[in-house]
Amino acid sequence: MKATRTTAWVLTIGGLFGLTAALTLTIERIELLMDASYVPSCSLDPVLSCGSVMTTDQAALFGFPNPIIGIVAFTVVVVTGILTLAKIELPHWYWLGLSLGTLLGEVFIHWLIDQSLYQIGALCPYCMVVWVVTMPIFIVSLSQLVDRDHSSKIPRLLLEWRWTILAVWYAIVIALIGIRFSDYWASLF
């Protein structure tokens, strides 16, 4: 199934940003393990604080730091983006697998968003980069499964409105962050 140029670029650029964030988080976590007094570069204030997030159980849900999952997953996304930029046609099963993988990533990330907002009470800037890029990666990988010529009306409609859906999705997450930390934001002014 041939990918559009938009899909190719979203996968490549989004994957590179996600991979960079995952690698940076992994390096920061190693630094923190080697020196407990180390302050990660992304610990900016009480709310924007990777250090607060990295030391929680949620940051290593499967027994190892979550960014290691990101390193593997975003590498696959970058390779997929590069293959599609090279106009290599990938089979339907590949796009199905990528869509399933990104769906699982979205479920995990939204659980982490919930944990960051309502359990940990802090936001990790590098983690938020991962949140931001995973959403369009999911949308474009899923859109590859829609046959633009022969699909029923609902999948074509979702495909047509995918960028609006993404904008609303971002707005909801931003609103949740704004509401959760509104007292802190108000104290800054």
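Preceding this paragraph is the structure being described.
Residues numbered from 1 in each chain as written. Predicted model: local features only at pLDDT ≥ 70, side-chain atom pairs only at ≥ 80, totals over all residues. Heavy atoms only, no water.

Chemist: I would appreciate a short explanation of the side chain of Ser116 in the present structure.
Modeler: Among the secondary structure elements, Ser116 is positioned in helix 4 (residues 92-120). A relative accessible area of 5% places Ser116 in the buried class. In this structure Ser116 touches Gly121, Ala122, Leu123, Trp131 and Phe181, once residues within four positions along its chain are discounted. (Helix = DSSP H or I, 4+ residues; strand = E, 2+ residues; numbered from the N terminus. Buried < 20%, exposed > 50% of the residue type's maximum accessible area, 1.4 Å probe, protein only. Contact = heavy atoms within 4.5 Å.)

Chemist: I tried to follow the environment of Pro40 on my own but got confused; where do I start?
Modeler: Relative to the helices and strands, Pro40 is located in the loop between helix 1 (5-34) and helix 2 (50-54). By relative accessible area, which is 5% here, Pro40 ends up buried. Sequence separation between Pro40 and Cys50 is 10 residues, and the spatial gap between their C-alpha atoms is 6.6 Å. Once residues lying within four places of it in the same chain are set aside, the contact partners of Pro40 are Glu28, Cys50, Gly51 and Met54.

Chemist: How should I be thinking about the packing of aromatic side chains in this particular structure?
Modeler: Each aromatic ring pair is characterised by the separation of its centres together with the angle its planes make. Enumeration over the complete set of coordinates arrives at seven aromatic pairs. A centroid spacing of 6.3 Å and a plane angle of 75 degrees characterise the contact between Phe181 and Trp185, whose relative ring orientation is edge-to-face. Judged by relative accessible area, which is 4%, Phe181 ranks as buried. Their ring planes at 65 degrees and their centres at 5.5 Å tell us that Tyr184 and Trp185 sit as a pair that is edge-to-face. (Phe/Tyr/Trp six-rings, centres within 6.5 Å; stacked < 30°, edge-to-face > 60°.)

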